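Residue-level listing of the chains:
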Amino acid sequence: MSVKSKTARTTLRMQVPAKPEKTLASTGYDAIHADIVALLQAARVQAARSVNALMTASYWEIGRRIVEAEQQGKQRAGYGDALVKRLSVDLTKRFGRGFGVVNLSQMRKFYELWAIPQTPPAESKIFQTLSEKLQVLPAISKRPHSTSTHFPEIASHFPLPWSAYVRLLSVKNEQARRFYENEALRGGWSVRQLDRQVNSQFYERTALSRNKVAMLTKGMVAKPEGTVTPDDAVKDPYVLEFLNLKDEYSEAEFEEALIHRLEDFLLELGDDFAFIGRQKRLRLDDTWFRVDLVFFHRRLRCLVIVDLKVGKFSYADAGQMHLYLNYAKANWMREGENPPVGLILCSQKGSAEAHYSLEGLSNKVLAAEYQTVLPSEAVIAKELSHATRLIDARNAGKSVRSKKVAKGGNRRA
């Protein structure tokens, strides 16, 4: 056979189109892969929750054993402290970090503050399958003790991570502590968000708010870590009971009281506020104006102009603040800073008037109420419980409507 004919046959074979082969993509590989990834991620999240819950249950049990041992030796002076110190040394030698005196004291307090009924209630949704998954632990519960240990049942009472309970231990008011625990669970708060809400007195501010449902609904939204906006930085309302003001007082007396208790006021404002000055003067044409208070916010990196109002918020207040901010932007703002933010601190505001007065301005202006008297704990607990029930009822109604819509869509399909 000649070289020429071989070449011709080879060329013909190369020109014949290959039969189409099934690719992995055409067989639904992407869908299978995505489904398995979602399955593994869900399993890891559930496993992490289960392990975290078991650790929290074990810390509660450690606290219980310490308390019971202290009760047995309470006749001896200093027995409890000596017991915790000795346990700290021995447990640290065997298990490493995490069992210092402070940690063990937290576990003891955890047991004292979070009582569990003798007959555990039905397990929460998060841990409804925990008992089935953790049958490998019967040997632990068989150790001789006054009360048998049922880790899955105990864990069902603690859906939050241990670090969240450590933060809650510092909340002295029992009603507030339960409130933060429930809201952290409902809103899916991280420990940082929980810490931020406790530090900002979210419990007291929600109780004082004229729209508690809106406050609780807003609080349920989990926010990205490390981000802050002017709306996040400004509280509403502010709790200023430390001023000890009488029923009637002027704006000058209000400002003087704030300056006199400036340290307390800064704590109420938040960690990132730094005081710049008071009664800062500015001149426009032939008229002098005075800005009540000026702060700088470190994370927002901007000036915060504060105008104090003893009376009710008015749309005229928004216009005046808008003027202050335009001047501050042109004359007080330094290189590298963001445009200044305005805060009108008033004793009362109408939500509709504030909305239409402040919406759409080129400058960021916020209005917030302040309260100088806190209601009783019983009133706070009652009002917050009512607001929570309203939110739950509203969410349940939305869920029912969504299911009806889905069923209707399925019938049409």
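Criteria and cut-off values
Residues numbered from 1 in each chain as written. Predicted model: local features only at pLDDT ≥ 70, side-chain atom pairs only at ≥ 80, totals over all residues. Heavy atoms only, no water. Helix = DSSP H or I, 4+ residues; strand = E, 2+ residues; numbered from the N terminus. Buried < 20%, exposed > 50% of the residue type's maximum accessible area, 1.4 Å probe, protein only. Contact = heavy atoms within 4.5 Å. Areas by Shrake-Rupley, 256 points an atom, 1.4 Å probe, with all protein chains shown as cover. Core = buried A, V, L, I, M, F, W, Y, C linked by side-chain atoms within 4.5 Å. Arc of directions from axis to C-beta. Phe/Tyr/Trp six-rings, centres within 6.5 Å; stacked < 30°, edge-to-face > 60°. Lys NZ or Arg CZ within 6 Å of the ring centre and 35° of its normal. Pairing = 2+ DSSP bridges. Right-handed = clockwise from strand over helix to strand, strands pointing away. Patch = residues over 30% accessible without salt bridge, like charges linked within 9 Å, V, L, I, M, F, W, Y side chains within 5 Å. Salt bridge = Lys/Arg side-chain N within 4 Å of Asp/Glu carboxyl O.

S.K.: How should the overall build of the chain be read in this particular structure?
M.R.: Helices and strands together make up the secondary structure of the chain, namely 18 helices and six strands. A burial count over the chain gives 37% of its 413 residues as buried. A fraction of 66% describes how many contacts in the chain between residues 6 or more apart in sequence connect residues 24 or more apart. Accessible surface computed for the chain: about 25500 Å², of which carbon and sulfur atoms make up 54%.

S.K.: I tried to follow the nonpolar core on my own but got confused; where do I start?
M.R.: For soluble globular proteins, the rule of thumb is that nonpolar side chains tend to be buried together. Among the nonpolar cores identified, the biggest contains 34 residues, and Phe110, Trp114, Phe158, Tyr165, Tyr180 and Leu194 are the most heavily contacted of them. Contributions of two or more residues to this core are made by helix H2 (29–72), helix H3 (79–95), helix H4 (101–113), helix H7 (151–155), helix H8 (162–168), helix H9 (174–187), helix H10 (191–199) and helix H11 (202–208). The dominant element in this core, judged by the number of residues it contributes, is H2, at five residues. If you look at the next biggest cluster of nonpolar residues, it comprises 27 residues, including Tyr238, Phe242, Ala257 and Leu262.

S.K.: Just checking my understanding: could you explain helix H17 (residues 351–358) for this structure?
M.R.: Each full turn of the α-helix corresponds to 3.6 residues, which orients residues three or four apart in the same direction. Listed as buried for H17 are Ala354, Ser357 and Leu358. The buried residues of H17 occupy an angular sector of 80° when the element is viewed end-on, so they sit on one face. Residues of H17 that are buried in the fold lie against helix H16 (315–331) and strand S6 (364–371). Positive phi shows up at glycine 360, right after H17, with a value of about 85°.

S.K.: Explain the packing of aromatic side chains to me, please; I cannot follow it from the model alone.
M.R.: Each aromatic ring pair is specified by the distance between its two centres and by the angle formed by the two planes. Summed over all chains, the structure comprises 22 aromatic pairs. Ring centres 6.0 Å apart and planes at 75° place the aromatic pair tryptophan 189 and phenylalanine 202 in the edge-to-face group. Separated by 13 residues along the polypeptide, tryptophan 189 in the loop between H9 and H10 and phenylalanine 202 in helix H11 bring together distant segments of the chain. We classify phenylalanine 202 as buried; its relative accessible area is 4%. Measuring from ring centre to ring centre gives 6.2 Å for phenylalanine 273 and phenylalanine 295, while their planes differ by 85°; the resulting arrangement is edge-to-face. Of the two residues, phenylalanine 273 is situated in strand S2 (residues 273–284) and phenylalanine 295 in strand S3 (residues 287–297); the sequence distance between them amounts to 22 residues. Taken together, the ring pairs in this structure connect Tyr59, Trp60, Phe110, Tyr111, Trp114, Phe158, Trp162 and Tyr165 into an aromatic cluster. The side chain of arginine 177 reaches across the aromatic face of tryptophan 114, ending 5.7 Å from its centre. Looking at lysine 280, its charged tip hangs above the ring of tryptophan 332, at a distance of 4.9 Å from the centre.

S.K.: What exactly am I supposed to notice about the pairing of S3 here?
M.R.: Working note: regular strand, side chains alternate between the two faces of the sheet. In this sheet, S3 lies alongside S2 in antiparallel orientation, the contact comprising ten bridges. Across the sheet, residue arginine 281 finds its bridge partner in S3, namely arginine 290. Relative to strand S4 (residues 302–312), S3 is paired through five bridges, and the arrangement is antiparallel. Each residue of the ladder has a partner; that of leucine 293, found in S4, is valine 306. Hairpin connection, S3 to S4: the antiparallel pair is bridged by four residues, and arginine 301 has positive phi, about 55°.

S.K.: I keep staring at the pairing of S4 and nothing clicks. Help me out?
M.R.: Counting buried positions over the eleven residues of S4 gives eight, a clear majority of the element. For S4 and strand S5 (residues 341–348), the ladder comprises seven bridges, and the chain directions are parallel. By the bridge assignment, leucine 308 is partnered in S5 with leucine 345. Since S4 and S5 lie parallel, the crossover through H16 that links them has a hand, and here it is right-handed.

S.K.: Would you take a moment to explain a nonpolar patch on the surface for this structure?
M.R.: On the surface, a nonpolar cluster with roughly 270 Å² of combined accessible area is contributed by Ile32, Ile36 and Leu40. In this fold, isoleucine 36 is placed in helix H2.

S.K.: Got a minute to help me understand the pattern of salt bridges in this structure?
M.R.: Oppositely charged side chains are able to pair whenever their charged atoms sit close together. By the definition in use, this model includes 18 salt bridges. For arginine 64, the salt bridge identified is with glutamate 68, shortest N-O distance 3.2 Å. With a gap of four residues between them, arginine 64 and glutamate 68 both fall in helix H2, about one helical turn apart. For lysine 235, the salt bridge is made with glutamate 268, and the minimal N-O distance between the two is 3.8 Å. Residue lysine 235 is located in the loop between helix H13 (230–233) and strand S1 (238–239), and its partner glutamate 268 is located in helix H15 (residues 262–269); the two are separated by 33 residues in the primary sequence. There is no split in this pair, since lysine 235 and glutamate 268 are both buried.

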